[in-house]
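Below are the chains, spelled out letter by letter.
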Amino acid sequence: MQFSTLEIACESFTLDNGLTLIVHEDHKTPIVAVNVWYHVGSKNEKPGKTGFAHLFEHLMFGGSEHLPGSYIEAMERAGATDLNGTTSEDRTNYFENVPTSALDYALFAESDRMGYFYNTISQEVLDLQRGVVQNEKRQGDNQPYAVVEELVVKSTYPAGHPYAHTVIGSMEDLDSASLEDVREWFKTYYTPSNAVLVLAGDLNTEEARRKAAQYFGGIPAGPPVARPLAWVVRLEGEHREMVHDRVPQARIYKIWNVPGYGTKAADHLRVAASLLSSGKNSRLYKRLVYDEQIATQVAAYLDEREIGSQFVVLATARQGENLRKVETAVDEELARFLNDGPTDRELERVRTQSYGAFIRGIERIGGFGGKSDILASNWTYLGDPHGYKQRLRRLEEVTPNQLRETAAEWLGGGVYALDVLPFLDSKQARAPLKRDGPPTLGAPNDLRLPAVHESTLSNGLKLLVAERHEIPAVNFWLDVDAGFAADQWASPGTARLTSSLLTGGTKRRSALEISDEVQMLGAQISSGCNLDLSTVYLSALRAKLDESLDLFADIILNPEFPAEDFERQRTLQLAAIANEKVTPLQMALRALPPILFGSKHAYCTPLTGSGTEETLAALRHEDTAHFHATWFRPNNSALIVVGDTTVEEIKPKLEKLFRGWTCAAVPEKNLQRVPRPAAPKIYLIDKPGAQHSVVIAGTIAPPPDARNEVALETMNNIFGGTFGARLNMNLREEKHWSYGAASILYAARAQRPFLAYASVQGDKTADSIAEMLSELSGMTGAKPITEEELEKVKQQQIFELPGAHETMNAIGALFGDLLQLGLPLNFYDDYVSRVSALTTSELEQCARTLLNPAEMVWLVVGDRAQLEAPLQALNISPIVSITA
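Report on the accompanying structure.

What counts and what doesn't
- Residues numbered from 1 in each chain as written.
- Predicted model: local features only at pLDDT ≥ 70, side-chain atom pairs only at ≥ 80, totals over all residues.
- Heavy atoms only, no water.
- Pairing = 2+ DSSP bridges.
- Helix = DSSP H or I, 4+ residues; strand = E, 2+ residues; numbered from the N terminus.
- Axes fitted to C-alpha atoms, helices over the stretch in contact; angles between N-to-C directions.
- Contact = heavy atoms within 4.5 Å.
- Expected span 1.5 Å × (residues − 1).
- Buried < 20%, exposed > 50% of the residue type's maximum accessible area, 1.4 Å probe, protein only.
- Arc of directions from axis to C-beta.
- Polar contact = N/O pair within 3.5 Å; in protein donor to acceptor, adjacent residues only side chain to side chain.
- Core = buried A, V, L, I, M, F, W, Y, C linked by side-chain atoms within 4.5 Å.
- Parallel < 35°, antiparallel > 145°, perpendicular 65-115°, else oblique.
- Left-handed = near helix turned anticlockwise from the far one by under 90°.
- Nonpolar A, V, L, I, M, F, W, Y, C, P; charged D, E, K, R; others polar.

What to know about the sheet that holds strand E22 (residues 738–745)
Part 1 of the reasoning: One open sheet holds the six strands; their spatial order is E22-E23-E21-E24-E20-E25, and the pairing between them is mixed. Both edges of this open sheet fall to E22 and strand E25 (879–882), since each of them pairs with a single strand only. Across this sheet, the average inter-strand angle for adjacent strands is 20°, counted without regard to direction.
Part 2 of the reasoning: Inspection of the sheet shows E22 paired to strand E23 (residues 752–761) by six bridges, in the antiparallel sense. Paired with Ser743 across the two strands is Ala756, which belongs to E23.
Part 3 of the reasoning: In the packing of helix H4 (residues 123–141) onto the sheet, the strands contacted are strand E21 (692–701), E22 and E23, and the crossing angle to E22 comes to about 75°.
Part 4 of the reasoning: Lying over the sheet, helix H32 (residues 864–872) contacts strand E20 (681–686), E21, strand E24 (857–862) and E25, oriented at roughly 170° with respect to E20.

With respect to helix H11 (residues 323–340)
Part 1 of the reasoning: Spanning 18 residues, H11 covers 26 Å between terminal C-alpha atoms, matching the ideal 26 Å at 1.5 Å per step.
Part 2 of the reasoning: Along H11, the residues classified as buried are Leu323, Val326, Glu327, Ala329, Val330, Glu333, Leu334, Phe337 and Leu338. Taken down its axis, H11 places every buried residue within 170° of arc, on the same side. Those residues of H11 that are exposed and aimed more than 90 degrees away from the buried face are Asn339 and Asp340.
Part 3 of the reasoning: A side-chain oxygen of the first residue of H11 lies 2.7 Å from the backbone nitrogen of Arg324; this N-cap is Asn322.
Part 4 of the reasoning: Following H11 by one or two positions, Gly341 has its phi on the positive side, about 75°.

Focus: the nonpolar core
Part 1 of the reasoning: Leu288, Phe311 and Leu411 are the most contacted members of the largest nonpolar core, which totals 66 residues.
Part 2 of the reasoning: A per-element tally of this core places helix H9 (residues 264–277) first, with eight residues.
Part 3 of the reasoning: Those residues in contact with Phe311 that lie beyond four places of it in its chain are Lys254, Ile255, Trp256, Val258, Leu269, Ala273, Leu276, Tyr301, Leu302 and Leu411.
Part 4 of the reasoning: Core analysis: the next-biggest nonpolar cluster, separate from the first, contains 65 residues, Leu464, Leu731, Leu819 and Ala847 among them.

Observations concerning the packing of helix H1 (residues 52–59) against H4
Part 1 of the reasoning: Contact pair H1 / H4: the axes reach a minimum separation of 9 Å and the direction vectors enclose 120°. Considering their axes alone, H1 and H4 lie oblique with respect to each other. When you trace H1 past H4, the crossing you get is right-handed. Facing H1, whose interface residues are His54, Leu55, His58 and Leu59, H4 presents Val125, Leu126, Gln129, Arg130, Val132, Val133 and Glu136.
Part 2 of the reasoning: Of the residues assigned to the contact of H1 with H4, the class counts are six nonpolar, three polar and two charged.

Considerations on the pairing of strand E15 (residues 462–467)
Part 1 of the reasoning: As defined by bridge partners, strand E14 (residues 452–456) adjoins E15 across five bridges and the pair is classed as antiparallel. Looking at the pairing, His453 lines up with Val465 of E15.
Part 2 of the reasoning: What sits between the antiparallel neighbours E14 and E15 is a turn of five residues, in which Gly460 has the positive phi angle 100°.
Part 3 of the reasoning: Where E15 lies against strand E19 (residues 637–643), six bridges are found, and the strand directions are parallel. Counterpart to Leu464 in the pairing with E19 is Ile640.

What follows is the structure, encoded as structure tokens:
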């Protein structure tokens, strides 16, 4: 691998007001990534003002002087994808991919909130977003192991250190945030001279420079900002803590304070983390999870930050296993690494993995890990958009002994150890731009999907090949018509267990040999399921295509399902079930299917696919082999290929590899029509002590149909399928009872679940159901869909098409979705015209058919002691208590 050839070509400029502009051209898709990083995070907060950076990130989505209202709604109308904002200890970023024709609109919007947000900061907006952030905190606190973060920051950093508090901050500090505090934060940190703007995509550099100056050039520079450069607090000795949490398995965390972003030590320690826990052959995974089976999860990673990082090792003990035994194994493997270092082969494996990860990441222009993200982060932390080259150089040049020395220096001493134990609950500078309004959006771009070459191998396997030659990689998806629905011919959990075992060994390779070969090839291989399909995925570097395909075919055709691997994987799936049973949303997804579909339908299995403890206990490894032999047949499968190849090149290779794969009859899944719920009913799953409740309204939607699928999608986007939809605007933005509310047409080939859901404040659970009922009634006639709502969603769906299908993985997933849903491969050819022609009457008819409140069942996960009376008072139905 030639790391020296990896480069993101770009040009950098500095406007007169200090704003740094970085431009990268990529013309494969008519979209542009707009990425703004402000060099401010939670480490800039003063004592008593924690959570300000993150709170301000939310405020910035509330609209600006010349673009009032929800920023997300405005950008969704422009077709933005990968649209978000995030806050870390060190920076706050805002990013979106927009159609090339909407670039002026996006630059106007971003510059307006940089330069003209101050006067729109009102008490009403502050109170609204404060409530949203507090709900985000409550929702996060309701997750398993959520107690850890607060303990770690307070135990690993001294008072007064910039990292001695969490990014989200404390409830008390959020409550005390004043309007003046917020305005002062904006004036100090949200300025051109404290920011970098990256434009990457379908534009030319001079055009980008001109537009950046046009929209941002008139914004004043802002004051100078002081910031710490390094503050690494080495721990002394061993500091131990223990905490109980409502979790099914004990977990040990071990944390060391180490140097920050861009240092040689940090780059070396990142490699060390991969050597310890990445892949089945890694030191920790192989011993704890694979060989001794005393843990169900193990991870080592570098939590990299600007002025000081943390090296983290965590291991989750198998249920009933002694946590000290797990920790001893971790310590022994770490000591062996510090003493001996890695082997040459181990280091080469991580180099190849890193090379593959980098080239796959730079296929994307935006989003986390995309090209604009890489350029912005390197400029912000290192003052050089090409700072990543130094990291790659160090990866290429580092020796096993250098890694050993760095690890010994930083991981050989002071450590913080935290035991998380299950809680046994005994009870329940130029002239300013004239800003009369944002620019009009240009004409939408068509979705430029690569041409699909359809073919069939001699054994009957359907082949779809789409060429993409931007990066030297080829991706493959074998989609088998099986999935969780096939469990009706086996036992719940069989499809998922079978998929997880496909890489557990073949007639030619053991599980460890497969893992090692995947990493040496720089490939990615995975397998998984949804309701209808079992999928095996390969991403291969073009230089290693033949070797990677040989491995891919071997896994598909010759899995051995060895008994020892079966027991190991069954243990992991049992652990997953235990975790699902304490995670609110997953608790609901386990319980809902039999309520909607009954016990005989193929879709009655938990939507997680994990099955139950009882069904897994009864399975034998022969059952997984039988499942594979029954369903994995060429006449029951399709192979999708997207990437740097042609059908003329790839088909002969596939013919040779799959020539021995024979056809056979497969069972028929029971996908017969079931009636929608006859009457509303509330089901309640008890989660004692929960501060938040998960609320789901569910019913059955019709099977996908090319004639009305676009209308159903559009209607759902108005109701709950987008950020600006009625449901989210009500529960999050107006009531701020929830961090987010949404609705979804669950992907399935036959009749499918329709779910409207929200995680809400516990004391607002019944009120939230009342509001959801009001929104359902509104969609079915009480509050008709307006032309404005329809035009907004039409615009969003049309404009976001290119950005949503930029990468090879996105294209492959799109064709896989069409196969799963039984829709034609040319479904998107006339998508724009079909969306454009939709009328409110068509959507209202869809709403009356799907959103009838009388045909909805309700499932609530929360504290029964607090919820039963207010839920009963809704007079929807008697409360039915169930378990997950």
